[in-house]
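Residues per chain, in single letters:
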Amino acid sequence: MIDDHRPRNAPADRVHNYLGRESTPPAELFGIGRDEAAQYGASFLDGRVASISHADNHFNVSLDGEPTVLARRVLVATGAVDELPDVEGLAQRWGRDVLHCAYCHGWEVRDRAIAVLGTGPLAVHHALIFRQLSDDVTLVRHNDFPLSRDEAAQLARRDIGVVDGPVARLRITDDALSGLELETGDTVPCQALVVATVVSARIDMLAPVRLTAQEMRLGDHLLGTYLPVTRGATAVPGIYAAGNVTDIKAQVITSAAAGNEAAAAINADLAVADARELQHA
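Quick notes on the rules
Each residue is numbered by its place in its chain's sequence as written, counting from 1. Given that the model is predicted, a residue must reach a pLDDT of at least 70 before its local features are reported, and side-chain atom pairs must reach 80 or more before they are shown or counted; all residues, however, enter totals for whole chains, interfaces and linings. Side-chain measures here rest on the full set of heavy atoms in the structure, leaving out hydrogens and waters. UniProt positions are given in the numbering used here, feature names are shortened, and annotations may be inferred rather than shown by experiment. In this description a helix means any DSSP run of H or I spanning at least four residues, a strand means any run of E spanning at least two, and both kinds are numbered starting from the N terminus. Burial classes: relative accessible area under 20% of the type maximum marks a residue as buried, over 50% as exposed, and values in between as partly exposed (1.4 Å probe, protein chains only). Two strands qualify as a pair provided that DSSP identifies no fewer than 2 bridges between them. Only the contacting stretch of a helix is used when fitting its axis, a line to C-alpha atoms as for every element, and angles between N-to-C directions run 0 to 180 degrees. Cavity means a closed set of points on a 1 Å grid over the protein atoms alone, one where a 1.4 Å probe fits but cannot get out, pocket means an open set with protein on both sides within 12 Å along at least 5 of 7 lines, and lining means a residue has an atom within 4 Å of a point. Grid points are joined across faces, edges and corners, and a volume is the space filled by probe spheres set on the points. For this classification, the nonpolar set comprises Ala, Val, Leu, Ile, Met, Phe, Trp, Tyr, Cys and Pro, the charged set comprises Asp, Glu, Lys and Arg, and every other residue, Gly included, is treated as polar. Each domain's extent was defined by an automatic or database domain assignment. Contacts were defined at the residue level, with two residues in contact if any of their heavy atoms lie within 4.5 Å. Buried area is calculated as the accessible area (1.4 Å probe) missing from two parts once they are joined, with the contributions of both summed.

- Looking at an unreviewed UniProt entry, one finds the protein chain named Thioredoxin reductase and attributed to Mycobacteroides franklinii.
- Entered under Catalytic activity (unreviewed entry) in the UniProt record, the comment concerning the protein chain runs "[thioredoxin]-dithiol + NADP(+) = [thioredoxin]-disulfide + NADPH + H(+)".

Right, here's the structure in full:
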């Protein structure tokens, strides 16, 4: 296992929706998994994979500043990177009171004043979902994206206010989010902010084997990129992938399940390869 210790959920203080491990800090859950894997003979190397390339009957896994690792099969679990809206102060609050998923953080901000930073077609969806958790939800149209008549009616029926932006910066009071300051100078009070990020798969290291990410779009709006797989297998034989790198919506428990499925596929693949190699020995 090669790890650069830059998980997507590093800013979060807890992992949710993981049966049996609810509210475990991400680093603690990682440590538990690492200890369990070590019991089955896994070895670990801290570092960043720079490239993965074909060689004779194996892959060369090159690391920054480290010797090349040889592998018969590769499982890519590099995750994804969230590209945040460019609003002053937003990045510093990411994973605290700036959120993106009701199922990851929603319960913690229930009954608070919640603002949704509207940057595209997911804004109405987010507003309706978070309205189930709070009576005080406001949609702020940050980039003046259009609202259909039906969407406006849905928001009105749920008493979700709509405010025209754009947002200039976040207001922080006593180290907590207290509102959004618009470019007009007006303020929208809130204690939590929901944003839709562009989620990009981390697969630069796969360029030598010509694996590329595909775009996921909603109409003309880019939601993110992902690496296509079938039961964990990529288009390059011997290279597998699991987690957010293949599914931008995957939560931790979903990623773990995908890793389990990919591991079984790798095991079966190697079992057949071993039999073939003995046949030609």
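Anyway, onward from the coordinates.
## Looking at unusual backbone geometry
Turning to step 1, where the next piece is worked out: Residue Gly165 is joined to Pro166 through a cis peptide bond whose omega torsion reads 5°.
Turning to step 2, where the next piece is worked out: By secondary structure assignment, the location of Pro166 is in the loop between β11 (161–164) and β12 (167–173).
Turning to step 3, where the next piece is worked out: Although it is not a glycine, Asn57 adopts a positive phi angle of roughly 60°.
Turning to step 4, where the next piece is worked out: Residue class for Asn57 comes out exposed when judged on its relative accessible area of 67%.
Turning to step 5, where the next piece is worked out: A positive phi angle is found at Asp144, which is not glycine, with a value near 60°.
Turning to step 6, where the next piece is worked out: With respect to the helices and strands, Asp144 occurs in the loop between β10 (137–141) and α5 (149–157).
Turning to step 7, where the next piece is worked out: In this structure Asp144 comes out as exposed when scored by relative accessible area, which is 55%.

## Quick look at the pairing of strand β4 (residues 58–63)
Turning to step 1, where the next piece is worked out: Of the two faces of β4, only the one carrying Phe59, Val61 and Leu63 is buried; His58, Asn60 and Ser62 on the other face are not.
Turning to step 2, where the next piece is worked out: The antiparallel hairpin formed by strand β3 (residues 49–55) and β4 contains two residues in its connecting segment, where Asn57 sits at a positive phi of about 60°.
Turning to step 3, where the next piece is worked out: Note: β4 against strand β5 (residues 66–71), four bridges, orientation antiparallel. When the bridges of β5 are listed, Phe59 appears paired with Ala71.
Turning to step 4, where the next piece is worked out: The turn linking β4 back onto β5 is made up of two residues, and Gly65 within it adopts a positive phi angle of 70°.

## Thoughts on the UniProt feature "domain: FAD/NAD(P)-binding" (unreviewed entry) in the protein chain
Turning to step 1, where the next piece is worked out: Following the UniProt record, one finds the feature "domain: FAD/NAD(P)-binding" (unreviewed entry) at residues 43–255.
Turning to step 2, where the next piece is worked out: Counting secondary structure, residues 43–255 comes out at 15% helix and 38% strand; the distance between its end C-alpha atoms is 21 Å.

## Focus on the sheet that holds β3
Turning to step 1, where the next piece is worked out: The strand order β3-β4-β5 describes an open sheet built from three strands, whose pairing is antiparallel. Either end of the sheet is taken by a strand with one partner, and the two such strands are β3 and β5. Put simply, the sheet's adjacent strands are angled 20° from each other on average, direction ignored.

## Comments concerning the layout of surface pockets
Turning to step 1, where the next piece is worked out: Estimated volume of the second largest pocket: approximately 200 Å³.
Turning to step 2, where the next piece is worked out: Around the second largest pocket, the lining residues are Asp13, Arg14, His16, Gly95, Arg96, Asp97, Leu99, His105, Glu108, Val109 and Arg112.
Turning to step 3, where the next piece is worked out: By residue class, the composition of the lining of the second largest pocket is two nonpolar, three polar and six charged.
Turning to step 4, where the next piece is worked out: Looking at the lining of the second largest pocket, you find at least three residues from each of domain 1 (2–79 + 203–280) and domain 2 (85–195).

## Digging into the domain arrangement of the protein chain
Turning to step 1, where the next piece is worked out: With domains assigned, the protein chain is organised as domain 1 (2–79 + 203–280) and domain 2 (85–195).
Turning to step 2, where the next piece is worked out: Relative placement of domain 1 and domain 2: their C-alpha centres are 33 Å apart.
Turning to step 3, where the next piece is worked out: Contacts between domain 1 and domain 2 engage nine residues on the former and 11 residues on the latter.
Turning to step 4, where the next piece is worked out: Between domain 1 and domain 2 lies a buried interface of about 800 Å² when both sides are counted; carbon and sulfur atoms form 62% of it.
Turning to step 5, where the next piece is worked out: It is Pro11, His16 and His221 in domain 1 that bury the most area against domain 2; as a group they hold 44% of the surface buried on that side.

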